[in-house]
Protein chains: 2
Amino acid sequence: MNEDNARFCLLAGLILLYLLCGAAIFSALEHPFEVRARLLWKQRLDNFTRRYRVNLGALHTLLRQYEEANGAGIRVDRLRPRWDFSGAFYFVGTVVSTIGFGMTTPATIAGKIFLIFYGLIGCAATILFFNLFLERIITMLAYIMRWCHERRLRFGGAVVTASREESSGEEDSLEGWKPSVYYVMLILGVASVVIACSASTLYSSMENWSYVDSLYFCFVAFSTIGFGDLVSSQREHYESHGAYRLGNCLFILMGVCCIYSLFNVISIVIKQTLNWILEKLACSGKHRPCSCCGRGCLWLCCPCLKSKNQHRRRPPANLRLKCDGSVETVCGSDTDAGLADEVHVGRRLSGEMISVNEFMVSNKVSLALLQKQLSETAHQGPRQSHGHQNGFSGGVGALAIMNNRLQETSVDR
Amino acid sequence: MNEDNARFCLLAGLILLYLLCGAAIFSALEHPFEVRARLLWKQRLDNFTRRYRVNLGALHTLLRQYEEANGAGIRVDRLRPRWDFSGAFYFVGTVVSTIGFGMTTPATIAGKIFLIFYGLIGCAATILFFNLFLERIITMLAYIMRWCHERRLRFGGAVVTASREESSGEEDSLEGWKPSVYYVMLILGVASVVIACSASTLYSSMENWSYVDSLYFCFVAFSTIGFGDLVSSQREHYESHGAYRLGNCLFILMGVCCIYSLFNVISIVIKQTLNWILEKLACSGKHRPCSCCGRGCLWLCCPCLKSKNQHRRRPPANLRLKCDGSVETVCGSDTDAGLADEVHVGRRLSGEMISVNEFMVSNKVSLALLQKQLSETAHQGPRQSHGHQNGFSGGVGALAIMNNRLQETSVDR
């Protein structure tokens, strides 16, 4: 089994395990409430039939009819019309974003068939929109973080001049610098929390939900899960009607974009963890030679770790070129150009490792995390030099975006 | 405004327009039904209160209580328990996949808070799973399509030997060959339709839904919209209980993976269309020089088109190298390596264009589509040679996967 397949199967297994654990926990949390709710409803129904001497069968028929009416968006407490223009707009918004609250659903056959074709194009366009947004936001974050890093370097250089040997060393460390995935995750996480909290404040005041309910709604909506047990902007009348509807749309748009980006960044971290697990498994199975020095890959005692740290001050371009040798003959033919690409990527990965390294050290993050990152990066190295032609195979979805954007913004100045 | 931003804004504008049109159409389709349903419910409620002489206020209270009970998963017609282990498993499945039918939702505060943290990791892991699946399926498709292409070439070579000048020409065309995005889209589309139809047959027989309703459910579930107006496997008893639940889970898993891949492939086509629109807009604004020959870029009469077609028989490696010149000095320093990468990517894009070209010509697709593809590819060329260092910036999300996989499998033999 090749490594991509192994990673895929490992992930599938872990998700299955995660689902089983989640099912057990939710079952334990919610089952007692379900039993109580069932009893309560039975009691209420009994009371009603006894008091008004209604035939239970007739009442059941009425309740079935009410369920049917619910499906068409009718409630006892009057809601906003479902299929006026603004209601339909809210509906199509939940379709293309795949939130799908289900507070409004097409009931006619024509509507259902149209939905299939409408959703096919709409969802694809929205996925593209989210991906482009992800690209934009990461570019922006990388620029901002680089600017902050530059300022910090300059400020540090002005104050602690004695600790720097020469100004060119400073330039080098800036050139090799790239923002860390963990930093980006932190920023996106904070942004998501800020948006969710602001939106919750709005919702809890406008919808009379508790703050926890509002937060729960925000997560369910922003992550595009969209249960539909709580749906914002459904009542017929609110104070400052138009402004609330607009604010609701904007909050949901911002939230969905932000959480989508956050999910993708977290998925990169999960992928790194998977690589680390695979590496550990491979190490415990057989002693594979490590990418740069051919020694064993038990990272906790691997000497490469130290030697890689020593490379830190050198410009990153030298790193991989030295390992591979044959570089001057690179760009003649097709396969040679492929090799150049490979070398370039190898160097880039080394650069990334170094920058993460620097960031980690400067922030005094635990050694374990650092080693994870290092092993992941080094692990990608040998894999990509085997069968893969351009080395970007590791960059799936958001990972590719991250790699591109983070590298691009840190080098092209 | 740079081009990435322009594309993003154009897409946002088009999606807004799409939403407005969709809202108008859905409103027209569904509004009459809503009005009828409202009248019908009013009539039924009146009948009931008159017949059983029930106080309307008391009945409204009962109906509100029924709504509340509905939220806890209680219906008149007994459903499967919500929060036993299998019900909770179905629930967490809809959470991590972001389907979120909402047939089961956490009602306790502990459950809601746990859901936020559980969903955060679960959804990120599932996005990674979908991306890895996309990567696997495209690798597989590319291998299969290459194998078919090889067979066709060999078969064609055996029968029509006169039309080939030499066997090396055949090898060349195979090396430059890459499966078309449109082909992959077609295959994924067919696979999705097959899965949806098989699942619909199962659902319509087990759930007593009409076939259209079943198809609608399949689309809503597989696209992770998940309205929850129709939810499979909710009744308490089915024939062959366990087998149906398993089949239901497998169908939803396969469907979601397949439609996710299809959405991503469609989003690439949408991106190409956006690029084409931008190119057209830029052309009508000012006559920009085209990437390879410096002439105007009005594609319908552009002479580059012809000269590019003439390059077809040559190995793709020469194409871009000729255009750029300074290639031998490439791999010395950091920026030079970047240039090498750029040249490599430029060549790859040219190669891609040529392969699409060949495919299009051989399949006699209309010239308009061919020109769109050509202009899109040529359009990416000059952009990437400006500011972007590694040239993969065009490859967002699935696009990156497609580029990598399709190229990788067609070159590394």
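Residues numbered from 1 in each chain as written. Chains lettered and ligands numbered in written order. Predicted model: local features only at pLDDT ≥ 70, side-chain atom pairs only at ≥ 80, totals over all residues. Heavy atoms only, no water.

1. Section: the overall build of chain A
Heads up, the condition is: Runs of H or I in DSSP of at least four residues are treated as helices and runs of E of at least two as strands, each being numbered from the N terminus. Exposure is judged per residue with a 1.4 Å probe applied to protein chains only, and the accessible area is read against the type maximum: over 50% gives exposed, under 20% gives buried, and values in between give partly exposed. Contacts are assigned to residue pairs with any non-hydrogen atoms lying within 4.5 Å of each other.
Helix and strand counts for chain A come out as 13 helices and zero strands. Mapped from its N terminus to its C terminus, chain A presents α and β elements in the order α-α-α-α-α-α-α-α-α-α-α-α-α. Out of the 413 residues in chain A, the part that is buried amounts to 57%. Considering only contacts within chain A whose residues lie at least 6 apart along the sequence, 66% involve residues at least 24 apart.

2. Comments concerning helix H6 (residues 181-206) of chain A
This is how the line gets drawn: Multiply 1.5 Å by the residue count of a helix minus one, and that product is the helix's expected span.
With 26 residues, H6 of chain A extends 37 Å between its outermost C-alpha atoms, agreeing within 8% with the 38 Å of an ideal straight helix rising 1.5 Å per residue. Two residues or fewer after H6 of chain A comes asparagine 208 of chain A, characterised by a positive phi angle close to 60°.

3. Some details on the environment of isoleucine 268 of chain A
Inspection of the secondary structure puts isoleucine 268 of chain A in helix H8 (residues 241-285). The sequence separation of isoleucine 268 of chain A and phenylalanine 117 of chain A amounts to 151 residues, and the corresponding C-alpha distance is 32 Å.

4. Remarks on the nonpolar core
In plain terms, the rule: What makes a nonpolar core is a set of buried Ala, Val, Leu, Ile, Met, Phe, Trp, Tyr and Cys residues whose side-chain atoms join them at distances within 4.5 Å.
Among the nonpolar cores identified, the biggest contains 144 residues, and Leu115, Tyr203 and Phe222 of chain A together with Leu115, Tyr203 and Phe222 of chain B are the most heavily contacted of them. Among the nonpolar cores identified, the runner-up in size contains 30 residues, and Leu59 and Leu62 of chain A together with Val54 and Leu63 of chain B belong to it.

5. Quick look at the packing of helix H6 (residues 181-206) of chain B against helix H7 (residues 211-222) of chain B
All names here are of chain B. The cut-off we apply is this: Think of each axis as a best-fit line through the C-alpha atoms, taken over the contacting stretch in the case of a helix, with angles from 0 to 180 degrees between the N-to-C directions. To sort the angles, those under 35 degrees are grouped as roughly parallel, those over 145 as roughly antiparallel, those from 65 to 115 as roughly perpendicular, and the leftovers as oblique. Crossing handedness is defined as follows: a turn of the near helix away from the far one that is anticlockwise and smaller than a right angle gives a left-handed crossing, while the clockwise case is right-handed. Classes in brief: Ala, Val, Leu, Ile, Met, Phe, Trp, Tyr, Cys and Pro nonpolar; Asp, Glu, Lys and Arg charged; the others, Gly included, polar.
At their nearest, the axes of H6 and H7 sit 8 Å apart, and the two run at 125° to each other. It follows that H6 is oblique to H7 by the angle criterion. For the pair H6 and H7, the sense of crossing is right-handed. Along its contact with H6, which presents Ile195, Ala196, Cys197, Ala199, Ser200, Thr201, Tyr203 and Ser204, the element H7 presents Tyr211, Ser214, Leu215, Phe217, Cys218 and Phe222. Here the residues of the contact of H6 with H7 are counted per class, giving ten nonpolar, four polar and no charged.

6. A look at unusual backbone geometry
Phi angles above zero are rare outside glycine, and arginine 53 of chain A is one such case at about 50°. Classification of arginine 53 of chain A as exposed rests on a relative accessible area of 75%. One non-glycine residue, threonine 224 of chain B, adopts positive backbone phi at about 65°. Mapped onto the secondary structure, threonine 224 of chain B falls in the loop between H7 and helix H8 (241-285). For threonine 224 of chain B, a relative accessible area of 10% corresponds to the buried category.

7. As for the pattern of salt bridges
Opposite charge on two side chains allows them to pair when their charged atoms are near. Selection criterion: Whenever a carboxyl oxygen of Asp or Glu lies within 4 Å of a side-chain nitrogen of Lys or Arg, that contact is scored as a salt bridge.
Evaluation of the coordinates by the stated rule reveals 20 salt bridges over all chains. Among the salt bridges present, the one from aspartate 4 of chain B reaches arginine 136 of chain A, with a minimum N-O distance of 3.2 Å. Of this pair, aspartate 4 of chain B sits in helix H1 (residues 3-52) while arginine 136 of chain A is found in helix H4 (residues 109-159), placing the two residues in two different chains. As far as burial versus exposure is concerned, aspartate 4 of chain B and arginine 136 of chain A are alike and both buried. Linking arginine 38 of chain B and glutamate 34 of chain B is a salt bridge whose minimum nitrogen-to-oxygen distance equals 3.1 Å. Here glutamate 34 of chain B and arginine 38 of chain B lie together in helix H1, a separation of four residues that amounts to about one turn. Classification of glutamate 34 of chain B by relative accessible area gives buried; the value is 3%. What you see here is one network of salt bridges that share partners, running through Asp4 and Arg7 of chain A together with Glu135 and Arg136 of chain B.

8. Some details on the packing of aromatic side chains
To be explicit about the condition: The aromatic pairing rule takes the rings of Phe, Tyr and Trp, using the six-membered ring of Trp, and pairs them if the centres are within 6.5 Å, calling planes under 30 degrees apart stacked, those over 60 edge-to-face and the rest tilted.
With the rule as written, the count across this model stands at 40 aromatic pairs over all chains. Ring centres of tyrosine 18 of chain A and tyrosine 118 of chain B lie 4.4 Å apart, and the angle between their planes is 5°; on these two criteria the pair is classed as stacked. One end of the pair, tyrosine 18 of chain A, is in helix H1 (residues 3-52); the other, tyrosine 118 of chain B, is in helix H4 (residues 109-159), on a second chain. What makes tyrosine 18 of chain A partly exposed here is its relative accessible area of 24%. Ring pairing ties together the aromatic residues Tyr18, Phe26 and Phe227 of chain A together with Trp83, Phe91, Phe114 and Tyr118 of chain B, which thus form one cluster.

9. Quick notes on the confidence of the model for chain A
All names here are of chain A. This is how the line gets drawn: A score between 0 and 100, pLDDT records how confident the predictor is in each residue.
Taken residue by residue, chain A gives an average pLDDT of 72. The fraction at 70 or more is 63%. Element-level pLDDT for chain A is lowest in helix H10 (residues 317-324), with a mean of 32, against a maximum mean of 96 in helix H7 (residues 211-222). Throughout residues 162-172 the model reports pLDDT below 50, and contacts reaching past four residues in sequence, or to other chains, amount to ten contacts. Scored as a whole, the predicted complex attains pTM 0.73, and scored at its interfaces, ipTM 0.73.

10. Structural notes on helix H2 (residues 56-71) of chain B
Helical periodicity: at 3.6 residues per turn, an α-helix aligns residues three or four positions apart in one direction. Note the threshold: What the arc covers is the set of directions going from the helix axis to the C-beta atoms. Polar contact is the term for a pair of N or O atoms within 3.5 Å; when the atoms are in protein, one must be able to donate a hydrogen and the other to accept it, and sequence-neighboring residues count only if both atoms are side-chain atoms.
When the terminal C-alpha atoms of H2 of chain B are compared, their 23 Å separation across 16 residues agrees well with the 22 Å that a helix rising 1.5 Å per residue should span. Of all the positions in H2 of chain B, only Ala58, Leu59, Leu62, Leu63, Gln65, Tyr66, Ala69 and Asn70 of chain B are classed as buried. Along the axis of H2 of chain B, the buried positions cluster into a sector of 160°, meaning they face one direction only. Taken together, the buried residues of H2 of chain B touch H1 and helix H2 (56-71) of chain A together with H1 of chain B. Two or three places before glycine 57 of chain B, at the opening of H2 of chain B, asparagine 55 of chain B has a side-chain oxygen 3.0 Å from that residue's backbone nitrogen.

11. Digging into the state of the cysteines
The bond known as a disulfide is covalent and runs between the sulfur atoms of two cysteines. Put simply, the test is: Cysteine sulfur pairs qualify as disulfides if the two atoms are within 2.5 Å.
A full pass over the atoms with the stated rule returns zero disulfides over all chains. Here cysteine 148 of chain A stays free of any disulfide, with the sulfur of cysteine 258 of chain A as its closest cysteine sulfur at 18 Å. Cysteine 257 of chain B supplies the cysteine sulfur nearest to cysteine 258 of chain B, a cysteine that is in no disulfide, at a spacing of 8.1 Å. The exposure class assigned to cysteine 258 of chain B is buried, which follows from its relative accessible area of 7%.

12. Observations regarding the environment of alanine 69 of chain A
Along the chain, alanine 69 of chain A falls in helix H2. Discounting chain neighbours no more than four positions away, the residues touching alanine 69 of chain A are Ile74 of chain A together with Trp41 of chain B.

13. Re the environment of isoleucine 195 of chain A
Residues and elements named next belong to chain A. For isoleucine 195, the location among the structural elements is in helix H6. For isoleucine 195, a relative accessible area of 13% translates into the label buried. On a C-alpha basis, the gap between isoleucine 195 and asparagine 131 in space is 20 Å, while along the polypeptide they are 64 residues apart. Discounting chain neighbours no more than four positions away, the residues touching isoleucine 195 are Phe222, Phe251, Met254, Gly255 and Cys258.

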